[in-house]
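# Structure assessment
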Amino acid sequence: MKALRQLATNVAVLAKARRNRSDLLRALVRRPQLLVGTGVYEVAIGLSARVDPRLKVLAELKAAALIACEYCLDIGSLLGRGSGVTERQLRELHLYKTSDAFGEDERLVIELAEALTLVPVAVSDELRSRLNSRFSSAAVTELAATIAWENQRGRLNQALGVRPSGFSDGEFCALPESAPGAV
């Protein structure tokens, strides 16, 4: 039930886009099978509920910041606020290792997002061990799939020129990062 509420919230957020709402849809409609596949994966990630949605959004935001996908940061910041991510966490995402705005689980999930977004991917056995000590196997799988999907989203949006759509107009929006090894 919680996953369905989150999915409904995300759909409502999408409907609020003020500009460029259809850039991605316009591009994907040219390849209907990709549109359907994208939709199915989005729903699958949205309905998967082994992980607190707030943790998933933090991971997505970290990946989007490292990739510098402005559209993803725009919508992700709004979804994050709706999931309980604070403005301070949005502002200090790049400082997650030292900021007291993040708890242990949040830091661990953001670290995974960073490791999965770096090129080449750098998920150590030690990081996997820490994840497995804090989360179930199903939750780790969901986190990894969510982060990998965010990497796909961000890179597709950038390739197609999808621009921010005003989701965070008037609110703080997480900013792109410049990190060694990040692409």
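Okay, so let's go over this structure. Quick caveat, the model's predicted, so the values are computed rather than measured. (Residues numbered from 1 in each chain as written. Predicted model: local features only at pLDDT ≥ 70, side-chain atom pairs only at ≥ 80, totals over all residues. Heavy atoms only, no water.)

## A closer look at the overall build of the chain
- Helix and strand counts for the chain come out as nine helices and zero strands.
- Each helix and strand of the chain, placed in order from N terminus to C terminus, yields the pattern α-α-α-α-α-α-α-α-α.
- Once local pairs closer than 6 in sequence are excluded, the contacts in the chain between residues at least 24 apart make up 76%.
- As presented, the chain carries roughly 9,400 Å² of accessible surface, and 58% of it is formed by carbon and sulfur atoms. (Helix = DSSP H or I, 4+ residues; strand = E, 2+ residues; numbered from the N terminus. Contact = heavy atoms within 4.5 Å. Areas by Shrake-Rupley, 256 points an atom, 1.4 Å probe, with all protein chains shown as cover.)

## Looking at the pattern of salt bridges
- Overall, the coordinates contain 18 salt bridges when judged by the stated rule.
- Among the ionic pairs, R153 bridges to E42, the shortest N-O distance being 2.8 Å. Of this pair, R153 sits in helix α9 (residues 137–160) while E42 sits in helix α3 (residues 32–47), placing them 111 residues apart in sequence.
- Note that E150 and R153 form a salt bridge whose closest N and O atoms lie 2.4 Å from each other. Taken together, the residues E150 and R153, both in helix α9 and three residues apart, mark about one turn of the helix.
- Salt bridges linked by common partners bring E42, E60, E150 and R153 together as one network. (Salt bridge = Lys/Arg side-chain N within 4 Å of Asp/Glu carboxyl O.)

## Quick word on the packing of helix α4 (residues 53–67) against α9
- Orientation of α4 relative to α9, taken along the N-to-C sense of each, is 35 degrees, at an axis distance of 9 Å. The interaxial crossing formed by α4 with α9 has right-handed handedness. The segment α4 lies against α9, with K56, A59, E60, A63, A64 and I67 engaging E142, L143, T146, I147, E150, N151, R153, G154, R155 and Q158. (Axes fitted to C-alpha atoms, helices over the stretch in contact; angles between N-to-C directions. Left-handed = near helix turned anticlockwise from the far one by under 90°.)

## Focus on the environment of A139
- Along the chain, the position of A139 falls in helix α9.
- Exposure remark for A139: the relative accessible area of 2% places this residue in the buried category.
- Taking the C-alpha atoms as reference points, A139 and S48, separated by 91 residues in sequence, lie 9.1 Å from one another.
- Aside from chain neighbours lying at most four places away, what touches A139 is R50 and V51. (Buried < 20%, exposed > 50% of the residue type's maximum accessible area, 1.4 Å probe, protein only.)

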